[in-house]
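What follows is each chain in one-letter form.
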Amino acid sequence: MEMGIVVGRVTATRKDERLVGTKLLVTQPIGLDGTPLDSQPIITVDTVGAGIGEKVIFVKGSMASRAMHNKDAPVDAAIVGIIDSLE
């Protein structure tokens, strides 16, 4: 699992039918101190109702598709939690 901050949203009028009804968000990976990492932002599928500006937990790869109701959806990154606090 990784941490990130939601920095935007993606609108796709045409997408794979297994992604219809999903919300796509642009997520910037962050370190434990909350600063953005040098990596590029990624597009994540929101499974928990996150919004712009929220710190989130996301997974990538095969774990991301497991977070979806449709396990066959072509998902490479998914938000699986919203961070309330970090100690």
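Quick note: structure is the one above.
Below, the structure is looked at part by part. Everything numeric here is computed off the predicted structure, so don't read it as measured data.

### Examining the nonpolar core
Part 1 of the argument: By size, the foremost hydrophobic cluster in this structure holds nine residues: Leu 19, Leu 24, Val 45, Val 59, Ala 64, Met 68, Ala 73, Val 75 and Ala 78.
Part 2 of the argument: Setting aside anything within four residues of it in sequence, one finds Leu 19 in contact with Ala 73, Pro 74 and Val 75.
Part 3 of the argument: In terms of nonpolar packing, the next biggest core, distinct from the first, is built from six residues, Leu 25, Ala 50, Phe 58 and Ile 79 among them.

### Structural notes on the sheet that holds strand 4 (residues 55–60)
Part 1 of the argument: Read around the barrel, five strands follow the order 1-2-3-5-4 and close on themselves; strand pairing throughout is mixed. In this sheet, adjacent strand axes meet at a mean angle of 55 degrees when their direction is disregarded.
Part 2 of the argument: Inspection of the sheet shows strand 1 (residues 2–10) paired to strand 2 (residues 23–30) by seven bridges, in the antiparallel sense. Opposite Ile 5, over in strand 2, you have Gln 28 as the bridge partner.

### Some thoughts on the pairing of strand 5 (residues 77–82)
Part 1 of the argument: Alignment of strand 3 (residues 42–46) against strand 5, held across two bridges, turns out to be parallel. The residue bridging Asp 46 from the neighbouring strand is Ile 79, located in strand 5.
Part 2 of the argument: Taken together, the five bridges between strand 4 and strand 5 define a ladder with antiparallel strand orientation. Residue pairing across strands places Val 59 opposite Ala 78, the latter belonging to strand 5.

### Here we look at the environment of Thr 22
Part 1 of the argument: Its place among the elements puts Thr 22 in the loop between strand 1 and strand 2.
Part 2 of the argument: Residues Thr 22 and Met 3 lie 19 residues apart in sequence; the distance between their C-alpha atoms is 20 Å.
Part 3 of the argument: Only 2.6 Å separates the side chain of Thr 22 from the backbone oxygen of Leu 19, close enough to count as a polar contact.

About the cut-offs
- Residues numbered from 1 in each chain as written.
- Predicted model: local features only at pLDDT ≥ 70, side-chain atom pairs only at ≥ 80, totals over all residues.
- Heavy atoms only, no water.
- Core = buried A, V, L, I, M, F, W, Y, C linked by side-chain atoms within 4.5 Å.
- Buried < 20%, exposed > 50% of the residue type's maximum accessible area, 1.4 Å probe, protein only.
- Contact = heavy atoms within 4.5 Å.
- Pairing = 2+ DSSP bridges.
- Helix = DSSP H or I, 4+ residues; strand = E, 2+ residues; numbered from the N terminus.
- Axes fitted to C-alpha atoms, helices over the stretch in contact; angles between N-to-C directions.
- Polar contact = N/O pair within 3.5 Å; in protein donor to acceptor, adjacent residues only side chain to side chain.

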